[in-house]
Amino acid sequence: MPRARGRLAPLDPMTQLERPLLTREEAADAPCFGYLLVSAHAEGARGGGGLRGCPRGRPIEFHCTEAVTPTRAQQILFGATLPAYLAGEVIGGALLRAATRRPAVLIVEDRACVAAGVVTQTPVVVVREGDPTPAELVPLAEAIDVREPFTRVREAIAETQRFQPRVIEDAA
């Protein structure tokens, strides 16, 4: 897999769930909800994960990216728009394009991720701790806490990163 360090090109997904526990009806017919999470890494890098789930909160598919590190020139040129560009267009856009099912609504925690919905023409809802459940998420909220899947995405990203090959420098 190509390394993304120092580039802003869209990334290929690193992993995908093979066969989640869904009925055929859920997998084929039910609307799915999308979760997009983009997190900061060391040295200004950002990476993300996207989870598609059925209305009962079960996973349909999961993708995540390697971290993207903008160059100093990109940081200067993009300025204050860099976080939204990375989160929404580069990382979020790549994750949504990699999905086999388009979500009925994309759920995000960070406003910087809203651009992913704009780029892919997907409705976006920002959820924050303590806010009332938006109308678009009522069917999902009847089954699960609508914020809980962000924990699953964080943990799944951490798990995939554990198995990434690491370059070991020769001490000689």
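To keep things clear, this report deals only with the structure shown in the data block. Within each chain, residues carry numbers counting from 1 in the order of the written sequence. Only residues with pLDDT of 70 or above have their local features reported here, since the model is predicted, and side-chain atom pairs are shown and tallied only from 80 upward, although totals for entire chains, interfaces and linings are computed over all residues. With hydrogens and water stripped out, all remaining heavy atoms of the structure feed into the side-chain values.

## Quick look at the overall build of the chain
Helix and strand assignments follow DSSP, with helices taken as H or I runs no shorter than four residues and strands as E runs no shorter than two, numbered in order from the N terminus. Helix and strand counts for the chain come out as six helices and five strands. The secondary structure elements of the chain, listed N-terminal to C-terminal, are α-β-β-β-α-α-β-α-β-α-α. Think of it in three bands: residues with accessible area under 20% of the maximum for their type are buried, residues over 50% are exposed, and the middle band is partly exposed, with areas taken using a 1.4 Å probe on protein chains only. For the chain, the residues scored as buried account for 42% of the 172 residues in total. Long-range pairs, those at least 24 residues apart, make up 62% of the contacts in the chain between residues at least 6 apart in sequence. Each accessible area is a Shrake-Rupley estimate made with a 1.4 Å probe; only the visible protein chains count as cover when residues are assessed. Within the structure as shown, the chain displays about 9700 Å² of accessible surface, and the carbon and sulfur contribution to it stands at 54%. A contact between two residues is defined here by any heavy atoms of the two lying within 4.5 Å.

## Here we look at the nonpolar core
By nonpolar core is meant a set of buried Ala, Val, Leu, Ile, Met, Phe, Trp, Tyr and Cys residues that side-chain atoms within 4.5 Å join together. Counting residues in hydrophobic clusters, the biggest one holds 17 residues, and the most contacted among them are Tyr-35, Ile-107, Leu-137, Leu-140 and Val-153. Taken together, the elements giving at least two residues each to this core come down to β1 (33-40), β3 (59-64), β4 (105-108) and α6 (148-162). Excluding residues within four positions of it along the chain, Val-153 makes contact with Tyr-35, Leu-37, Gly-49, Leu-51 and Phe-62. The next biggest cluster of nonpolar side chains, apart from the first, holds 16 residues, and it includes Val-38, Leu-86, Leu-95 and Val-108.

## Considerations on the sheet that holds β4
A strand pair is defined by DSSP finding two or more bridges across the two strands. With mixed pairing, five strands are arranged side by side in an open sheet as β3-β2-β1-β4-β5. Of all strands in the sheet, those with a lone pairing partner are β3 and β5 (124-126), marking the two edges. The mean inter-strand angle of the sheet, taken between neighbouring strand axes irrespective of direction, is 20 degrees. Where strand β2 (residues 46-53) lies against β3, five bridges are found, and the strand directions are antiparallel. The residue of β3 that forms the bridge with Gly-50 is His-63. Under this scheme, a helix contributes an axis fitted over its contacting stretch, all axes are lines through C-alpha atoms, and angles between N-to-C directions fall in the 0 to 180 degree range. Strands β1, β2, β3 and β4 of the sheet are contacted by helix α3 (residues 82-98), whose axis makes an angle of about 40 degrees with β2. The strands touched by α6 within the sheet are β1, β2, β3 and β4, with β1 carrying the most contacts at an inclination of about 55 degrees.

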